[in-house]
Amino acid sequence: MSHVPVQTDAPRPMFDTDELVINMGPQHPSTHGVLRLVLRLDGEKVIDADIVIGYLHRGIEKLCENRDWTQIVLLTDRMDYVAAATNNLGYVETVEKLYSIEVPRRARYIRTLLSELQRVASHLVWLGTHAMDIGAVTVFLFCLRERELVLDLLEEYCGARLTLNSMRVGGQPFDLPPDWAKKVLAFCDIQDRKLPEYEHLLTQNRIWLERTRNIGVISAAEAIGIGLCGPPLRASGVNRDVRKDEPYAAYSEFEFDIPIGTRGDTYDRYLVRLEEIRQSLRIIRQAVAGLPEGPVMAKVPRLIKPPAGETYHAIEAPKGELGYFIASDGKSVSPYRFRVRPPSFCNLQALPRLVKGHLVADVVALIGTIDIVLGEVDR
Amino acid sequence: MIEAVIFPLIKIVIVFAAVLVAVMYVVLLERKVQAWVQVRLGPMRVGPHGLLQPIADALKLFVKEDITPVRADKWVFTAAPVIVLVPALIAFAVIPFANQLSLFGYTIPGRVADVNVGLLYIVSVASIGIYGIILGGWSSNSKYPLLASLRASAQLISYEIAVTMTLVTVIMLAGTLSMVGIVNAQLAKGWWFAFAQPVAFFIYFVGGLAETNRAPFDLPEAEQELVGGFHTEYSGMRFAFFFLAEYANMIVVSSVATTLFFGGWLAPFPNVSWLSWLGYIPGWAWFGIKTFVFLYVFLWVRATLPRYRYDQLMRLGWKWLIPLAILNVVVTGFLKVLL
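These numbers come from a predicted model, not from an experiment. (Residues numbered from 1 in each chain as written. Chains lettered and ligands numbered in written order. Predicted model: local features only at pLDDT ≥ 70, side-chain atom pairs only at ≥ 80, totals over all residues.)

Novice: Sorry if this is basic, but what is going on with the overall build of chain A here?
Specialist: Helix and strand counts for chain A stand at 15 helices and 6 strands. Viewed in the frame of its principal axes, chain A has a C-alpha envelope of about 80 × 50 × 35 Å. Burial status across chain A gives 50% buried among its 379 residues. Excluding contacts between residues fewer than 6 apart, the proportion of contacts in chain A whose partners are at least 24 apart in sequence is 70%. (Helix = DSSP H or I, 4+ residues; strand = E, 2+ residues; numbered from the N terminus. Buried ≥ 20, exposed ≤ 12 C-beta atoms within 10 Å, placed from the backbone. Contact = placed C-beta atoms within 7 Å.)

Here it is as structure tokens:
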């Protein structure tokens, strides 16, 4: 699609209507980072949207091909920077698969704990910013208040709050700090109490309903066709969750439900994510209760050099299915090919389809509802 | 001579200064109230509890660079903030802050002017401000402000109809257009018009939120959608003018609501004997308290609700508020004739 309206020499009719081409971003307050949209408007109605990405491209995949296998963990932190733990998890599990390393059970439990805490934090950031885009500013601060508690827990475990670098090939770098499990449970109780607070502000709010019901509806077939993943896919009624379908870490040992939407609109995506927070808390409680004793690190050679081969492994990140394709030539100390399948990138493709026919005000709601992080889209 | 010229001049200066100071502190109040709702502290650094923050803000806006975009229409661009601010301030001329004050042996009426078409004056002056918003958005020669000013004009005009309709019912009850007359009518009838006209009051308040561009109707300046709305291209004092006008309009809407529906300067419960001590509180204090309550509700609503969408806003205005307001006028008319 061309960004410039076509100029013709044909005489214009007396009462003419023009399309308005408007540039949204990359420094627009609600494009969640540096997303740029070129919208073609008829009045306030969106006719077409063109996504321009790449403003945060750092060449992470190429960088990874020039770092050794341990250093890559901290590069994965910087992709989806609001959910670093799940990025770490996806990477280390892929390498372990390539290497056929058996990870100790306690380490798998800790990984599950970390990634579910991270899921709660990521969903809280999503809920806050999404609500703020629609004008409910208070929800944002409420959500970040609880997210702060998660960050404190993560900090206590690995010393960092955002870019965690929290996992290693073969296991976990640290055992849990004393009393950490107790604090996690305390957080679960707080979060359980606070969830109704957000719901009180939004779920039954008439304005919220009018702004999200039947906005950006996408059917199950279409969602699969576009390649949606994660909560947006499930909100359209597709029962697909990597945690259940191809269990990794310790997920096969826990009981939890996969919330499924029916309408596939913005409101359903909101409900699905809220329910996912509840299910995450459920998993965290089970993981803390059943935490096994034992080592947290498997026997791994000092210099990691996986055998030649290639593998793909996917996990359920907060934003959807996060996959890593890694090829090793068996000789060098870094991957031969490193490729990420980021959920935000795939979900973002649905945006032009979602915004068509809606108003400008809905565009920001729809950017919010697919929950993108530009660090991951551009990599 | 002294009563005809000096007193009004002094009063104008006092009202003008008081309103400007009030506007500055409403901005602080807004930030504080929002902060408290959102479990924050708000401004705390400048002065005790941030009480000097408005002065710091004003100073900052004074020294900011005043930018006029190259392709803007310079005259209109300069005039627009003035057109917005001046009507918001001169509306205070007819608002009765108190019945009368006794000072050094003189009896001074507690308002700048008691015009016999006071209400009409407020309505007409308030609608001039809309031109400033439209012109400001249009003259910036930028797409976002243009969209915002289109929104603003549609929104303000449609809500003004509903609001004016509610004023008609008040006029029917009071039998006068004078603001002082309306308060005196409430004194004579023995109850405030909010209780006689709850529907009118409700429509007036919702319409007032929309007319002052406040949440949940703050579409023309929806920062998450249209960046800054109609004042995107403005900076420095011109931006401050838009800002001041918005808050001055909030105070106008609140004080008109107080005057029309809540008895202006009158003390509540004049006929309850054990509450008679309420009458010792001066009228201007009552006026201030009531207006403050309205302002607080404005801020409270903003901190709580998400924003309406443009088409939903128009639907609410045209399909609900305006028919309801007209119906209310008809019913009031019938009741007045029958009773």
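There's more to say after this.
Novice: In this structure, what is going on with the overall build of chain B? I would like to understand it.
Specialist: Helix and strand counts for chain B stand at 12 helices and 2 strands. In chain B, the succession of helices and strands from N to C terminus is α-α-α-β-β-α-α-α-α-α-α-α-α-α. Taken over the C-alpha trace, chain B has a radius of gyration of 21 Å; the compact-globule value for 339 residues is 20 Å, and the two agree within 12%. Viewed in the frame of its principal axes, chain B has a C-alpha envelope of about 60 × 50 × 50 Å. Here chain B holds 339 residues, and the buried ones make up 46% of them. Taking the contacts inside chain B whose residues are at least 6 apart along the sequence as the reference set, 77% of them involve residues at least 24 apart. (Rg over C-alpha atoms; globule rule 2.2 N^0.38 Å.)

Novice: How should I be thinking about helix H11 (residues 283-304) of chain B in this particular structure?
Specialist: Owing to its 3.6 residues per turn, the α-helix brings residues three or four apart onto one side. A rise of 1.5 Å per residue sets the reference length of H11 of chain B, with its 22 residues, at 32 Å; its end C-alpha atoms lie 32 Å apart and thus fit the reference within 8%. Within H11 of chain B the residues assigned to the buried category are Gly283, Trp286, Phe287, Lys290, Thr291, Phe294, Leu295, Phe298, Leu299 and Arg302 of chain B. (Expected span 1.5 Å × (residues − 1).)

Novice: Help me understand the environment of tryptophan 277 of chain B, please; the structure alone is not making it clear to me.
Specialist: Residues and elements named next belong to chain B. On the secondary structure map, tryptophan 277 appears in the loop between helix H10 (236-261) and H11. In this structure tryptophan 277 comes out as exposed when scored by C-beta crowding, with 8 C-beta atoms within 10 Å. The spacing of tryptophan 277 and alanine 267 is 10 residues in sequence and 9.8 Å in space, taken between C-alpha atoms.

Novice: Mind showing me how you'd approach the packing of helix H8 (residues 198-211) of chain B against helix H12 (residues 310-338) of chain B here?
Specialist: When two helices pack together, their arrangement is captured by the angle between the axes and the distance separating the axes. Residue and element names in this part refer to chain B. Contact geometry for H8 and H12: axes closest at 10 Å, N-to-C directions at 145°. As H8 runs across H12, the sense of the crossing is left-handed. Between H8, through Val199, Ala200, Ile203, Val206, Gly207 and Ala210, and H12, the contact on the second element is made entirely by Gly317, Leu321, Leu324, Ala325 and Asn328. (Axes fitted to C-alpha atoms, helices over the stretch in contact; angles between N-to-C directions. Left-handed = near helix turned anticlockwise from the far one by under 90°.)

Novice: Which parts of the structure should I look at to understand the interface of chain A and chain B?
Specialist: Accessible area lost on assembly of the parts is the figure often given for the size of an interface. Facing the 27 residues of chain A at the interface are 22 residues of chain B. Looking at the side of chain A that touches chain B, the elements that each hand over two or more residues are strand E1 (20-24), helix H4 (105-133), helix H5 (137-158), helix H7 (206-212) and helix H14 (360-370) of chain A. The residue inventory of the side of chain A that touches chain B, partitioned by class, reads 16 nonpolar, 5 polar and 6 charged. (Nonpolar A, V, L, I, M, F, W, Y, C, P; charged D, E, K, R; others polar.)

Novice: What should I look at first to understand the sheet that holds strand E2 (residues 36-42) of chain A in this one?
Specialist: Across a sheet, paired strands are connected by hydrogen bonds in the backbone, their directions being either parallel or antiparallel. Residues and elements named next belong to chain A. Strands sit in the order E1-E2-E3 across an open sheet of 3 strands; the sheet is antiparallel. The open sheet has two edge strands, E1 and strand E3 (45-52), and neither has a second partner. Taken pair by pair, the neighbouring strands of this sheet meet at an average axis angle of 20°, ignoring direction. In the sheet, E2 pairs with E3 via 7 bridges, with the strands oriented antiparallel. Bridge pairing links valine 38 to aspartate 50 in E3. (Pairing = 2+ DSSP bridges.)

Novice: Before we go on, may I ask you to explain unusual backbone geometry in this structure?
Specialist: With the exception of glycine, most residues fall at negative phi, and the peptide bonds are largely trans. Residues and elements named next belong to chain A. Positive phi is not limited to glycine here, since alanine 249 has a value of about 40°. With respect to the helices, strands and loops of the structure, alanine 249 is situated in the loop between helix H10 (242-245) and helix H11 (266-289). Take alanine 249: there are 23 C-beta atoms within 10 Å of it, and that puts it in the buried class. If you check the backbone angles, aspartate 371 has positive phi at about 55° while not being a glycine. Tracing the sequence through the fold places aspartate 371 in the loop between H14 and helix H15 (374-378).

Novice: What's the story with the sheet that holds strand E4 (residues 309-317) of chain A in this structure? I'm lost.
Specialist: Residue and element names in this part refer to chain A. Strand order in the open sheet formed by 3 strands is E4-E5-E6, and the pairing between neighbours is antiparallel. Each edge of the open sheet carries a strand with a single partner, namely E4 and strand E6 (337-341). Strand-to-strand twist of the sheet, defined as the mean angle between neighbouring strand axes without regard to direction, takes the value 10°. Of the strands in this sheet, E4 and strand E5 (320-328) are in contact with helix H3 (residues 84-99), which crosses E4 at around 150°.

Novice: Sorry if this is basic, but what is going on with the packing of helix H3 (residues 74-90) of chain B against H10 of chain B here?
Specialist: Residue and element names in this part refer to chain B. Direction vectors running N to C along H3 and H10 enclose 25°, while the axes themselves pass 8 Å from each other. Classified by the angle between their axes, H3 and H10 sit roughly parallel to one another. Crossing of H3 over H10 shows left-handed handedness. Contacts from Pro81, Val82, Val84, Leu85, Ala88 and Leu89 in H3 reach Arg238, Phe241, Phe242, Leu244, Ala245, Ala248, Asn249 and Val252 in H10. (Parallel < 35°, antiparallel > 145°, perpendicular 65-115°, else oblique.)

Novice: Looking at this model, I keep getting lost on the confidence of the model for chain B. Mind explaining?
Specialist: Keep in mind that low pLDDT regions are not for reading the predicted coordinates in detail. Residues and elements named next belong to chain B. When pLDDT is averaged along chain B, the result is 82, and 94% of the positions lie at 70 or above. The spread of mean pLDDT over the elements of chain B runs between helix H9 (residues 223-226), the lowest at 65, and H3, the highest at 88. Across the predicted assembly, pTM comes out at 0.85 and ipTM at 0.79. (pLDDT = per-residue confidence, 0-100.)

Novice: What exactly am I supposed to notice about the nonpolar core here?
Specialist: Most often, soluble globular proteins have nonpolar side chains that are buried together. Residues and elements named next belong to chain B. With 196 residues, the main nonpolar core has Ala248 and Ile251 as its most contacted residues. With 16 residues, the single largest contributor to this core is H10. Contact partners of alanine 248, with chain neighbours within four places excluded, come to Val19, Val23, Ala88 and Leu89. (Core = buried A, V, L, I, M, F, W, Y, C linked by C-beta atoms within 7 Å.)

Novice: What exactly am I supposed to notice about the environment of glycine 290 of chain A here?
Specialist: With respect to the helices and strands, the residue glycine 290 of chain A is situated in the loop between H11 and E4. Counting along the chain gives 162 residues from glycine 290 of chain A to glycine 128 of chain A, while the straight-line C-alpha distance between them is 32 Å.

Novice: Even after reading the chapter, I still don't get the pairing of E2 of chain A, so can you show me in this structure?
Specialist: For a regular strand, the rule is simple: side chains alternate between the two faces of the sheet. Burial of the side chains of E2 of chain A is restricted to one face: Leu37, Leu39 and Leu41 of chain A are buried, whereas none of Arg36, Val38, Arg40 and Asp42 of chain A on the reverse face is. Following E2 of chain A, the chain reverses through 2 residues before pairing antiparallel with E3 of chain A; glycine 43 of chain A in that reversal takes a positive phi of roughly 70°.

Novice: When you look at the environment of tyrosine 81 of chain A in this model, what are you seeing that I'm missing?
Specialist: All names here are of chain A. Its place among the elements puts tyrosine 81 in the loop between helix H2 (72-76) and H3. For tyrosine 81, a count of 16 C-beta atoms within 10 Å translates into the label partly exposed. Apart from residues no more than four positions distant in its own chain, tyrosine 81 is found in contact with Leu162, Thr163, Val373 and Gly375.

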